Amino acid sequence: MKILHTSDLHIGKKLIGRERYNEYRAVFSEFKRISDEEGVELVLIAGDIFDTYTPSAEAEEIFYSGIKLLSTNCAVLIISGNHDDYVRLTAASALAQERNVYIIGNNFIPINCSERGNVYPASSGSGWVIFKNNCGEQVYINALPYPNEARFKEGRSDETYVEKISRWINCGEQGKEENISSIFLSHIFVAGGSVSESEREIDLGGARAVPVNVLPDCDYVALGHLHKRQKLGKNVYYCGAPMQFSFDECGAEKTVNVFDLTSGGLNDFKQIPVGGTRKLIKLQTNGVDDGIKLLNANGDYFVELTINLTAPLTPQENTALHGCENLVSLKVELPSVDLGSETKISNRGKSSSQLFTDYYKSKFGVDAPEELCTLFLSLTEVE
């Protein structure tokens, strides 16, 4: 069975305040193109469909339209991630199943099985589902959405997190038959994974890290949670997010994993690039004029620009730089002032204006302009 693995769409996520809705639409078009070209029968999306629990109406429209497009010629299995409200995500499950799309937000609720299309769920139980195609090929999937006690409606206990994870994983193994190809699909942090700046509020390391040896014995482990594509162990894959979300991902190629799973195991594994989105780039230059030229020469990218200056930007220079549509982040480097290791500055007895001018000079290496001092003092006045 030909399978595509992706994750961490984060629909609605902004880049430092910049909306990227057109790029999210393009991602689904790319998924559709790749699926058609590769003959994909089953798409696995390993969590974090949305960026927040309460996505905008436009983000939800992009998701439903994109999934409808994607499921034209294949089945789609989706699990919830830590950024998803699993109740909200699964609210349209009954309608989604009519399009051969299956959403698991609670690991212990089986999928309703019926024969639809060329690939369909043949049987399902608590935390597992078997997909079958018209050729009789079957794939067993142990599906574990982002796991915690609250989502699985469990109270506190004396179990460690690893013990809980092991129990939840074992639950999804109960329907596995011998000699059937199998996948473990989940949204977790596996110990040893590499993170990026765009991952926030996720359980990294510490008590929420899952050791590799806890994962089930299967042909392929399809994970979401980490935005960098990476392989851990023999067959454990984070496919990575399909878009660059932070500037530490500059130069990182964004891909989906496509492979054929047969009775002989994993075959024809590919990492296929996802196009249609704007790449991120870091640039550095001297002077505002050179910075503007550099921005214009890289108009296809979202840019983090660092400018080396001898004096702070004027309002006019700042406006000119931000007139470039692709400038997302601006950093200014000014020469530092070495006051000497023996120098000690006392603030005792100094006025507000003295404190301000001392700070400005230590920061920028020049005296503060008189009009700026006047403005600062006006802000300290008490009416």
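The numbering scheme is per chain: residues are counted from 1 as the chain's sequence reads. Reporting of local features is limited, given that this is a predicted model, to residues whose pLDDT is at least 70; pairs of side-chain atoms are given and counted only at 80 or more, and all residues count toward the totals for whole chains, interfaces and linings. Side-chain metrics in this entry use all non-hydrogen atoms of the structure; hydrogen atoms and water are not considered.

Student: Where do I start with the overall build of the protein chain in this structure?
Tutor: Within the protein chain one finds nine helices and 16 strands. Summarising its shape, the C-alpha atoms of the protein chain cover approximately 80 × 50 × 45 Å along the three principal directions. The cut-offs for exposure are 20% and 50% of the maximum accessible area for each residue type, with area from a 1.4 Å probe on protein chains only; residues under the lower value are buried, those over the upper are exposed, and the others partly exposed. The proportion of buried residues among the 383 residues of the protein chain is 49%. Counting only contacts in the protein chain whose residues sit at least 6 apart along the sequence, the fraction spanning at least 24 positions is 65%. Total accessible area on the protein chain stands at roughly 18,300 Å², and carbon and sulfur atoms take up 49% of it. Both charge centroids of the protein chain, one from 37 positive and one from 52 negative side chains, sit 1 Å from each other. Where helices and strands are cited, they refer to DSSP runs of H or I of at least four residues and of E of at least two residues respectively, numbered from the N terminus. We call two residues contacting when some pair of their heavy atoms lies within 4.5 Å. To measure how exposed things are, a 1.4 Å probe is used in the Shrake-Rupley method; for residues, cover is taken only from the protein chains shown. A residue counts as positive if it is Lys or Arg and as negative if it is Asp or Glu; His and the chain ends are not included. Note that the charge is assigned to NZ on lysines, CZ on arginines, CG on aspartates and CD on glutamates.

Student: What's the story with the sheet that holds strand β15 (residues 302-308) in this structure? I'm lost.
Tutor: Either a parallel or an antiparallel arrangement is found when strands of a sheet pair, and the pairing is made through backbone hydrogen bonds. Strand order in the open sheet made by the three strands is β14-β15-β16, with parallel pairing throughout. One side of each edge strand has no neighbouring strand; the edge strands of this open sheet are β14 (280-286) and β16 (327-333). Averaged over neighbouring strand pairs, the angle between their axes works out to 20 degrees when direction is ignored. DSSP bridges decide pairing: two strands pair if at least two such bridges lie between them. Where β15 lies against β16, six bridges are found, and the strand directions are parallel. By the bridge assignment, Leu-305 is partnered in β16 with Leu-330. Sheet strands in contact with helix α6 (residues 288-297) are β14, β15 and β16, and its direction is about 155 degrees off that of β14. Note on method: axes are straight lines fitted to C-alpha atoms, helices fitted across the in-contact stretch only, with angles between N-to-C directions ranging 0 to 180 degrees.

Student: Help me out: how do you make sense of unusual backbone geometry in this one?
Tutor: Positive phi values are uncommon outside glycine, yet Asn-100 reaches one of about 65 degrees. With respect to the element layout, Asn-100 can be found in the loop between α4 (93-97) and β4 (101-104). Not every positive phi belongs to a glycine, and His-225 is a case in point at roughly 130 degrees. When you line up the elements, His-225 lands in the loop between β9 (220-224) and β10 (230-232). We classify His-225 as buried; its relative accessible area is 2%.

Student: Honestly, the side chain of Thr-6 in this entry has me stumped. Any pointers?
Tutor: Counting through the fold element by element, Thr-6 comes out in strand β1 (residues 2-6). Classification of Thr-6 by relative accessible area gives buried; the value is 0%. In contact with Thr-6, other than residues within four places in its own chain, are Phe-31, Leu-44, Ile-45, Ala-46, Cys-239, Pro-242 and Val-256.

Student: What should I look at first to understand the pairing of strand β7 (residues 138-144) in this one?
Tutor: Regular strands have side chains that alternate between both faces of the sheet. Counting buried positions over the seven residues of β7 gives six, a clear majority of the element. In this structure, strand β6 (residues 128-133) lies alongside β7, joined through five bridges in antiparallel fashion. Among the inter-strand pairings, Phe-131 is bridged to a residue of β7, identified as Val-139. Pairing geometry for β7 and strand β8 (residues 181-187), over six bridges, is parallel. Paired with Leu-144 across the bridge in β8 is Ser-186.

Student: Please explain the environment of Thr-255 as it appears in this structure.
Tutor: Locating Thr-255 in the fold gives a position in strand β12 (residues 255-262). Judged by its relative accessible area of 0%, Thr-255 falls in the buried class. Sequence separation between Thr-255 and Ala-241 is 14 residues, and the spatial gap between their C-alpha atoms is 7.8 Å. Discounting chain neighbours no more than four positions away, the residues touching Thr-255 are Arg-229, Cys-239, Gly-240, Gln-271, Ile-272, Pro-273 and Val-274. Two N or O atoms form a polar contact when they lie within 3.5 Å of each other; inside protein one atom must be a possible hydrogen donor and the other a possible acceptor, and for residues adjacent in sequence the pair counts only when both atoms belong to side chains. Within the local environment of Thr-255, its side chain forms a polar contact with the side chain of Arg-229, the two groups lying 3.2 Å apart.

Student: Teacher, can you tell me more about the packing of helix α1 (residues 21-38) against helix α2 (residues 57-70) here?
Tutor: The relative placement of two packed helices is expressed as an angle between their axes plus a distance between the axes. Close contact between α1 and α2 brings their axes to 9 Å; oriented N to C, the two are set at 10 degrees. Classified by the interaxial angle, the pair formed by α1 and α2 is roughly parallel. Every residue of α2 that contacts α1 at Tyr-21, Tyr-24, Arg-25, Phe-28, Ser-29, Phe-31, Lys-32 and Ser-35 is listed here: Glu-58, Ala-59, Glu-61, Ile-62, Phe-63, Gly-66, Ile-67, Leu-69 and Leu-70. Angle categories: roughly parallel below 35 degrees, roughly antiparallel above 145, roughly perpendicular from 65 to 115, and oblique for all the rest.

Student: Would you mind going over empty space enclosed by the protein with me for this structure?
Tutor: Sizing a probe to match a water molecule and rolling it over the atoms shows the empty space that remains. Buried and open spaces are told apart on a 1 Å grid over the protein atoms alone, a cavity being a set of points where a 1.4 Å probe fits but cannot get out and a pocket being an open set with protein on both sides within 12 Å along at least five of seven lines. Residues with an atom within 4 Å of a point are the lining residues. Grid points are joined across faces, edges and corners, and a volume is the space filled by probe spheres set on the points. Enumeration over the complete set of coordinates arrives at four cavities of 30 Å³ or more. Considered as a void within the structure, the largest cavity measures approximately 60 Å³ in volume. Taken together, Phe-50, Thr-52, Tyr-53, Pro-55, Glu-60, Tyr-64, Asp-84, Asp-85, Arg-88 and Leu-89 form the lining of the largest cavity. Elements represented by at least two residues in the lining of the largest cavity include exactly α2 and α3 (86-89). When residues are sorted by character, Ala, Val, Leu, Ile, Met, Phe, Trp, Tyr, Cys and Pro go into the nonpolar class, Asp, Glu, Lys and Arg into the charged class, and all the rest, Gly among them, into the polar class. Split into classes, the residues belonging to the lining of the largest cavity amount to five nonpolar, one polar and four charged.

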